[in-house]
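Single-letter residue listing:
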Amino acid sequence: NDDIINPFRNPESEFSIKARKGSSLVNLKRAQKEQTRNARDKTSVEGTKIGEALGLRNKPIQHDKNRNNMKNLKHASSNLSYKEDIKATRQSLPCFRSRTELLTMVRENQVSIIVGETGSGKTTQLPQYLYEDGFTTNGKLIGVTQPRRVAAMSVAKRVAQEMGVKIKEEVGYSIRFEDYSSPQTRIKFMTDGILLREVLLDNDLDKYSCIIIDEAHERTLNTDVMLGILRTLLQRRKDLRLIITSATLNAAKFSKFFGNAPQFTIPGRTFPVEINYSKYPVADYVEEAMKKAVNIHLTTSIESGDILIFMTGQEDVEATTESIEEKLLEVYRKKGEASTFHDVNNIEIFPIYSALAPELQSRIFHKLDKTKRKIVVATNIAETSLTIDGIRYVIDCGYSKLKVYNPRIGLDSLAITPISLANANQRSGRAGRTAPGVAYRLYTEEASETDMYSSTIPEIQRTDLSNTVLLLKSLGVENVMKFPFIDTPPIQTLLNSFYELWSVGAIDNFGELTKLGTDMSKLPLQPSLSKILLNSITFGCSTEILIIVAMLSIPQIFKRPKEREKESDKARSRFFIPQSDHLTLLNVYLQWKSNNFSTQWCSNHFIQGKSLEKAEDIRKQLLRVMEKQNFTLKSAGSNWDIIRECICTGFSHQAAKLSGLKRYVHLRTGMHTKLHPTSALFGMGDLPSYIIYNELLMTSTEYLVCVTAVDPFWLMESGLLLYDIKKQEETNDYSIGLLGTKGISNNNEVDVEEARKVVREKLD
Ligand code: CDP
Ligand code: MG
């Protein structure tokens, strides 16, 4: 579809080929990890004890290091000069010299655009300036949005520390499923998604005196939608101040969007960065990054500065970290200076990615001894949202993970794609914040010219918009097509979203929100999941659906380690509920619960304990949202058919019909699909005629993942607008088909009422 922008500017480039193949080092590390996990599992409890007795404990070094750092920090905060230190640090930031000008601009203009290099103090200082200048004395708040959860959290902590308060007092933060703000809070950091939800409850955002849309250059879907909403909102709230901050790019675009709002550029102190491209296409960026980092470490003096490596995601961040450790150990071992990595005492390596535990994330900010070099291996989180001081060398793999919408299947997926030139410059720029630096780009100069876009495609042009459309509708936006988007989304994506919302019953034939749609918009979930959760209240199975929804919100729960595949498959099959993967998930949860949420139980049964804990956390939070809307939970007891029927109400647009051995035809698109081998239904002799699925996995084959058997009658009832009954000529049997297609109702002259009666009787 021409309307959809391909994240690969050149689909035949070295970039896209590499992205498809993946890194061999990552694959190797994955295999190694599984092996050690196997070994560990095999030794079981006794093995661990023996290991402990022999002093073979797993990775104690890391923990100890961590504790020391925490101690240092505590020590620092008890120091008398600590306050002075903070003051001096704050005053040394580029922002500080422009403090008066900035405040005057905000006082005099309803909208201000502030541009400044990463690290100049926009995020941490601006809110404090406004606070000190009395923007909250009227009892209102300063709200600061961040595109990333991690950034919202870490920045709030930093500001609280600078102001000498605890989180949740004057400074708080709020991210999906975690709220750390209180009535005392005056500066509130939050994800842009949270602010969007708040507009739903309070159209005028009355509790805020000032909103800072931070990191606007990132152009996340939520930022873009928020800016569109604010444009109209500002006309109603003349007293509200809006500040948009951006790291240099696209500032003119924001200014134009807000009627030529004034721009202010914070004078920065940046130093020249020497850019080195790779001479030849790099075969494996993880391996190449490791070599570069090790080389820098061994050939330059420690004082020359720290190293920052940009990778795409958790997996290659970890693989890079580990292989640098291995390589350095090898080098120092040869020299006879080390026998474990613990002995290598002139370096510390810090991985950082959004899924990393917060306490481990904040470690990257700690100052090390002069005798030690810091290597940070990060995702694009360190591009602009987090500033790490002291970086002089940057290694850039040239890729990042991007959410991409596939209109054919109507789903988002995360894809490794080449970064844009703008990102590349941001990344390099990290090396020149405190002194001249060097950047190594692990791609050729030619590739960067021919295969990179000049700036990243805004998220709004490459993701599913169902939730956005639902939100805009519930905000009373009459014509979504005419909503003031900074960049308009592809019309096809908007139409797809309308179709999806219509088919789940969230909007009616006139494109207006239904009661169900309104309720759905209050839940922080995808439309189909919101729908089944709401329907479960009338179906009387909300306890179970809540569990299923939470279980669907987490990644893989079953482990399948290599070499123990048979064993783990067998373990998994013990949880199978023959008719449904959804019910199988429910079953896993319930058994975990009756085993007191035990971690040991999880590992005994090849289940990811961490994932289940996350699911339980999400379940509790959703429960709170439901209780706020006065919904009470009810259990279906032993009637699990009602649960399947309820699930069917949200997924009738994702239904398929049996046709051949383990093969299903997609009811809506006619696409040929297969049951995924992990499905509980896979081994069944007698496969159900109709199923709904949660996800379509596109590999060489199109697989249906997480399916549930449904009765055709339910499908027809919940997909009234989609399907109807067809009478089979030869057998006089009835089957379900897409409304309006050949053989369905129009041609066959079926008495629909009678047919429904027949189907109903059959079910009874
Ligand atoms: O937003 P901007 O990139 O302009 O800068 P900032 O995030 O406000 O950072 C200003 C300074 O605070 C930098 O020197 C950061 O290293 C420091 N900072 C920190 O030490 N810890 C944090 N969690 C956040 C910022
Ligand atoms: Mg910032």
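Use the structure listed above.
Residues numbered from 1 in each chain as written. Chains lettered and ligands numbered in written order. Predicted model: local features only at pLDDT ≥ 70, side-chain atom pairs only at ≥ 80, totals over all residues.

### Thoughts on the overall build of the protein
The helix and strand tally for the protein stands at 28 helices and 23 strands. With 764 residues in all, the protein has 44% of them scored as buried. Intrachain contacts of the protein at a sequence separation of at least 6 include 72% that bridge at least 24 residues. (Helix = DSSP H or I, 4+ residues; strand = E, 2+ residues; numbered from the N terminus. Buried ≥ 20, exposed ≤ 12 C-beta atoms within 10 Å, placed from the backbone. Contact = placed C-beta atoms within 7 Å.)

### Here we look at the packing of helix H17 (residues 466-474) against helix H18 (residues 491-503)
For the pair H17 and H18, interaxial distance at closest approach is 8 Å and the crossing angle is 75°. The angle between H17 and H18 places the two elements in the roughly perpendicular class. Each of Ser466, Val469 and Leu470 in H17 lies in contact with H18, whose residues at this interface are Leu494, Ser497, Phe498, Glu500 and Leu501. (Axes fitted to C-alpha atoms, helices over the stretch in contact; angles between N-to-C directions. Parallel < 35°, antiparallel > 145°, perpendicular 65-115°, else oblique.)

### Here we look at the site of ligand 1
Near ligand 1, the surroundings consist of 16 residues, among which Lys122, Thr123, Thr124, Arg158 and Thr387 are the closest. Secondary-structure elements contributing two or more residues to the shell around ligand 1 are helix H7 (122-132) and helix H8 (149-163). The element best represented in the shell around ligand 1 is H7, accounting for 4 residues. Of the residues contributing to the shell around ligand 1, the split by class is 3 nonpolar, 10 polar and 3 charged. (Near = placed C-beta within 6 Å. Nonpolar A, V, L, I, M, F, W, Y, C, P; charged D, E, K, R; others polar.)

### Some thoughts on the nonpolar core
Grouped together as the largest cluster of nonpolar side chains are 177 residues, with contacts concentrated most on Ala293, Ile309, Val376, Ala378, Ile395, Val549 and Ile691. Those residues in contact with Ile309 that sit more than four places away from it in its chain are Ala289, Ala293, Thr320, Ile375, Val376, Val377, Ala378 and Ile395. (Core = buried A, V, L, I, M, F, W, Y, C linked by C-beta atoms within 7 Å.)

### Structural notes on unusual backbone geometry
Although it is not a glycine, Leu205 sits at a positive phi angle of roughly 50°. Locating Leu205 in the fold gives a position in the loop between helix H9 (192-201) and strand E6 (208-213). On the neighbour-count criterion, Leu205 (21 C-beta atoms within 10 Å) is buried. One non-glycine residue with positive phi stands out, namely Asn596, at about 55°.

### Considering helix H26 (residues 640-651)
The end-to-end C-alpha separation of H26 is 17 Å, in line with the 16 Å expected for 12 residues at 1.5 Å each. Burial within H26 is extensive, with 9 of its 12 residues counted as buried. Among the residues of H26, Ile643, Arg644, Glu645, Cys646, Ile647, Cys648, Thr649, Gly650 and Phe651 are the ones counted as buried. (Expected span 1.5 Å × (residues − 1).)

### Details of the environment of Glu330
Here Glu330 is to be found in helix H13 (residues 314-334). The sequence separation of Glu330 and Thr340 amounts to 10 residues, and the corresponding C-alpha distance is 9.2 Å.

### Here we look at the pairing of strand E12 (residues 373-378)
The buried fraction of E12 amounts to 6 of the 6 residues, a majority that puts the element mostly inside the structure. With burial as the criterion, each face of E12 is covered, one bearing Arg373, Ile375 and Val377 and the other bearing Lys374, Val376 and Ala378. Relative to E12, strand E10 (residues 306-310) runs parallel, the two being bridged by 4 bridges. Bridge assignment links Phe310 to a residue of E12, and that residue is Ala378. Where strand E11 (residues 347-352) meets E12, 6 bridges bridge the pair, whose relative direction is parallel. Among the inter-strand pairings, Pro351 is bridged to a residue of E12, identified as Val377. (Pairing = 2+ DSSP bridges.)

### So, the sheet that holds strand E16 (residues 437-441)
In sheet architecture, strand pairing relies on hydrogen bonds along the backbone and comes in two forms, parallel and antiparallel. Strand order in the open sheet formed by 6 strands is E9-E16-E13-E10-E12-E11, with parallel pairing between adjacent strands. Either end of the sheet is taken by a strand with one partner, and the two such strands are strand E9 (273-277) and E11. Across the sheet, the mean angle from the axis of one strand to that of its neighbour is 15°, orientation sign disregarded. Looking at chain direction, E9 and E16 are connected through 5 bridges and run parallel. Looking at the pairing, Asn276 lines up with Tyr440 of E16. Of the strands in this sheet, E10, E11 and E12 touch H13, which is tilted by about 165° from E11.

### Describing the pairing of strand E1 (residues 111-115)
Within E1, 5 of the 5 residues are buried, which leaves it mostly tucked inside the rest of the structure. A two-sided burial pattern is seen for E1, the buried positions comprising Val111, Ile113 and Val115 on one face and Ser112 and Ile114 on the other. Sheet analysis places E1 next to strand E7 (residues 241-246), joined by 5 bridges and oriented parallel. From the neighbouring strand, Ile113 faces E7, where its bridge partner is Ile244. Bridge count for E1 against strand E8 (residues 263-265) is 3 bridges, and the pairing is parallel. The partner of Val115 across the bridge, within E8, is Thr265.

### Brief notes about the sheet that holds E6
If you walk across this open sheet you meet the 8 strands as E4-E3-E5-E2-E6-E7-E1-E8, and the pairing is mixed. Looking at strand neighbours, the two that pair on one side only are strand E4 (178-180) and E8, the edges of this open sheet. With direction set aside, neighbouring strand axes in the sheet form an average angle of 20°. Along the sheet, helix H10 (residues 221-236) contacts E1, strand E2 (141-146), E6 and E7; its crossing angle with E6, the most-contacted strand, is approximately 145°.

### Overview of the environment of Ala655
Note on placement: Ala655 falls in strand E17 (residues 655-658). Considering only alpha carbons, one finds Ala655 and Ser400, 255 residues apart in sequence, at a separation of 34 Å. If sequence neighbours within four positions are ignored, Ala655 has contacts with Leu667, Tyr690, Ile691, Ile692 and Leu715.

### Quick look at the packing of H7 against H8
The geometry of H7 relative to H8 is characterised by a closest axis approach of 10 Å and an angle of 50° between their N-to-C directions. Compared by their axis directions, H7 and H8 come out oblique. The chirality of how H7 crosses H8 is right-handed. The segment H7 lies against H8, with Thr123, Thr124, Pro127 and Gln128 engaging Val155, Arg158, Val159, Glu162 and Met163. Split by residue class, the contact of H7 with H8 holds 4 nonpolar, 3 polar and 2 charged. (Left-handed = near helix turned anticlockwise from the far one by under 90°.)

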